[in-house]
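Residues per chain are reported as follows:
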Amino acid sequence: MCAHHEKSEGGYHMTGVAACILVMGISIAIVILLWAWFGHIGPSFSDDVMLQQQETLRAQYGFEPMPKITEEEAKIPPSLRGLGNN
């Protein structure tokens, strides 16, 4: 019997593929929603946490406080901050 004479099952052979695509779409939607909900907190959050940790540790170990830096200086890595002054 030829392939074009076989009886089709009414399109049910694509159910698995459709289910996989649906699961992938739902998974991507969940990841995007979770990122929008709490994932994107921005770089300022990390800077604030780091500065708070440094202040706490310096106070705990009796070191003098670090001088405050501006937002522009915060964007430059500490190892490169003094290069512009030379």
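The structure displayed is predicted, hence computed values, not measured ones. (Residues numbered from 1 in each chain as written. Predicted model: local features only at pLDDT ≥ 70, side-chain atom pairs only at ≥ 80, totals over all residues. Heavy atoms only, no water.)

A. Summary view of the overall build of the protein chain. When its secondary structure is counted, the protein chain shows three helices and zero strands. For the protein chain, the sequential pattern of α-helices and β-strands runs α-α-α. For the protein chain, buried positions account for 0% of its 86 residues. (Helix = DSSP H or I, 4+ residues; strand = E, 2+ residues; numbered from the N terminus. Buried < 20%, exposed > 50% of the residue type's maximum accessible area, 1.4 Å probe, protein only.)

B. View of the pattern of salt bridges. Summed over all chains, the structure comprises two salt bridges. Between E55 and K68 there is a salt bridge, and its shortest N-O distance comes to 3.0 Å. Of this pair, E55 sits in helix α2 (residues 43–61) while K68 sits in the loop between α2 and α3 (71–74), and the two are 13 residues apart along the sequence. Given a relative accessible area of 46%, E55 falls into the partly exposed group. For K68, a relative accessible area of 70% puts it in the exposed group. (Salt bridge = Lys/Arg side-chain N within 4 Å of Asp/Glu carboxyl O.)

C. Representation of the UniProt feature "transmembrane region" (unreviewed entry) in the protein chain within the structure. Under the UniProt annotation, the feature "transmembrane region" (unreviewed entry) is placed at residues 12–38. Between the end C-alpha atoms of residues 12–38 there is a gap of 40 Å, over a span that is 89% helix and 0% strand. (UniProt positions renumbered as here; feature names shortened; annotations may be inferred.)

D. Geometry of α2. Between its first and last C-alpha atoms α2 spans 27 Å; for 19 residues at 1.5 Å apiece the expected length is 27 Å, and the two agree. Looking one or two places after α2, you find G62, whose phi comes out positive at around 80 degrees. (Expected span 1.5 Å × (residues − 1).)

E. Geometry of a nonpolar patch on the surface. Together, L22, I26, I30, L34, W37 and F38 line one region of the surface with nonpolar side chains, adding up to about 680 Å² of accessible area. Position of L22 relative to the elements: it lies in helix α1 (residues 15–39). L22 sits in the exposed class, given a relative accessible area of 54%. (Patch = residues over 30% accessible without salt bridge, like charges linked within 9 Å, V, L, I, M, F, W, Y side chains within 5 Å. Areas by Shrake-Rupley, 256 points an atom, 1.4 Å probe, with all protein chains shown as cover.)

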